[in-house]
Amino acid sequence: MNDPEEAIVSRNHPIYWFEDGSLVLDVEVQRFKVHHTLVSRHSRFFSGLAEKKISSGSKNGTISAETPTLNDNRLKHVVLEPKRQVRATDVEALLQHLYHDVPLGKDSSFAHVTSILRVSSPQQLDYPYLHRAAGEIFEGMFPTDPGAFTHNHPLYDALPVATHFNFKAARKAILYSLVTTTEFDVSDGTTTSTMDPQVDQTESESVLSSGRDTDSIAVTVGSRTARSQSAPTETPRPVSSAADSEICMALMTRLIEHFTPILFTPPATSHMGCTDVFAETWMPLVIQPAIDDDGVYKPLETLQRIKGIDWAKQGLCGSCVLEKRDEWTGEQTTVWNLMDSWLDELPPRLNPLDNV
């Protein structure tokens, strides 16, 4: 009877298979033949393997173990077992960077950055400098200024990555956008997007384990060109986990509790006339628009809109206009900072960062 492992056929990668390569790397059903000195230069994983001796019982220099070793006397051959959770698509992204085909940078696609972030992590192939660089680029994709907060950043694919690697600021931005731009139902644990489907196209919980890349990959190296494009399929509706939906509901509740008295109370000023202006205009200019677009749980956007109103035209004096705009900017910062404590106060079952 044939060995099930022998029935698995590895395919040589169409690009990263160099005849003069010194390392054969098997990942899932993909086989790479690359240059060991290049791949191992900044990797603690590969550098550590070079210090180990090959087992005398291994065959053809092939090691299949959780921590494989390299054969210094023959062509080096490493088989990465599934328990390391290294994906062939992520290794391809890594090699694209190492061979300067698709270098990692601030303009890199979200899929490329997350692939390198995963594969360079200590739990996988351990490239410390590259992992740190990918992490900084990932975090830079998300807004940090509450006064200029936008939602044009990844959501569903990004949340499990930010959670897994403990990127608290990015996770906060993602959760705020999920609360304010999606509809989630705690009863069945789903969250559906109301944003442009081009922003998020895959389910959040699969991104860490699958390493799927929905982008078309085009690589040109001298005369080498390859393009892979998945067959057109119906765009799946983004869905969050039950736990993420519950987190969103908890965060929405805290936002409403904090912001409701601020929103529905006309502010006072040091001038009676300016206070009267707020009393007369607060309902039509502030409260009603907030009711119309659910602004009660969108404090950053609602406060920004309030700041944009021409209060001088409504009758406020110049000093009161400046004073109140500063107060509203300060309140945006207050809300942004409070979200840190609100998320930290979640019960342990909803706060995976407690275990990171």
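Residues numbered from 1 in each chain as written. Predicted model: local features only at pLDDT ≥ 70, side-chain atom pairs only at ≥ 80, totals over all residues. Heavy atoms only, no water.

So, about helix α3 (residues 88-98). Among the 11 residues that make up α3, 10 are buried, leaving the element largely enclosed by the rest of the structure. Those residues of α3 not exposed but buried are Ala-88, Asp-90, Val-91, Glu-92, Ala-93, Leu-94, Leu-95, Gln-96, His-97 and Leu-98. Just past α3, the residue His-100 takes up positive phi, approximately 60°. (Buried < 20%, exposed > 50% of the residue type's maximum accessible area, 1.4 Å probe, protein only. Helix = DSSP H or I, 4+ residues; strand = E, 2+ residues; numbered from the N terminus.)

Take the nonpolar core next. Formed by 66 residues in total, the largest nonpolar core has its most connected members in Val-34, Phe-46, Val-91, Leu-95, Leu-125 and Phe-138. Counting 17 residues, the second largest nonpolar core, distinct from the first, contains Phe-259, Ala-290, Cys-320 and Trp-328. (Core = buried A, V, L, I, M, F, W, Y, C linked by side-chain atoms within 4.5 Å.)

Here we take up the state of the cysteines. Counted by the stated rule, this structure contains 0 disulfides. Summary of cysteine pairing: Cys-317 is not part of a disulfide, and the nearest cysteine sulfur, belonging to Cys-320, is at 3.4 Å. Accessibility expressed as a relative area gives 23% for Cys-317, which makes it partly exposed. (Disulfide = S-S within 2.5 Å.)

On to the pattern of salt bridges. Taken as a whole and judged by the stated rule, the model has 9 salt bridges. Residue Asp-293 pairs with Arg-305 through a salt bridge whose shortest N-O separation is 3.0 Å. You can see Asp-293 sitting in the loop between α10 (272-292) and α11 (299-308) and its partner Arg-305 sitting in helix α11, a full 12 residues away along the chain. For Arg-305, a relative accessible area of 30% gives the class partly exposed. Here Glu-327 makes a salt bridge to Lys-324, at a shortest N to O gap of 3.1 Å. Remark: Lys-324 and Glu-327 occur in helix α13 (residues 318-344); sequence separation between them is 3 residues, near one turn of the helix. With relative accessibility at 38%, the residue Glu-327 sits in the partly exposed group. One salt-bridge network, held together by shared partners, links Arg-254, Glu-257 and Glu-345. (Salt bridge = Lys/Arg side-chain N within 4 Å of Asp/Glu carboxyl O.)

Along the chain, Met-252 falls in helix α9 (residues 242-263). Sequence separation between Met-252 and Tyr-176 is 76 residues; the distance between their C-alpha atoms is 8.4 Å.

Turning our attention to unusual backbone geometry. One non-glycine residue, His-100, lies in the positive phi region at around 60°. Along the chain, His-100 turns up in the loop between α3 and α4 (110-119). By relative accessible area, which is 63% here, His-100 ends up exposed. A positive phi angle is found at Asp-294, which is not glycine, with a value near 60°. With respect to the helices and strands, the residue Asp-294 is situated in the loop between α10 and α11.

The next subject is α10. Along its 21 residues, α10 runs 29 Å from first to last C-alpha, staying within 8% of the 30 Å computed at 1.5 Å per residue. At Trp-282, α10 shows its maximal bend, which comes to roughly 65°, and the proline Pro-284 appears one to four places after that position. For α10, every residue scored as buried is listed here: Cys-274, Val-277, Phe-278, Thr-281, Trp-282, Val-286, Ile-287 and Ala-290. On the buried face of α10, the contacting elements are α9, α11, α12 (311-314) and α13. Residue Asp-294 follows α10 closely and has a positive phi angle near 60°. (Expected span 1.5 Å × (residues − 1). Bend = angle between axes of the 7 residues up to and from the residue. Contact = heavy atoms within 4.5 Å.)

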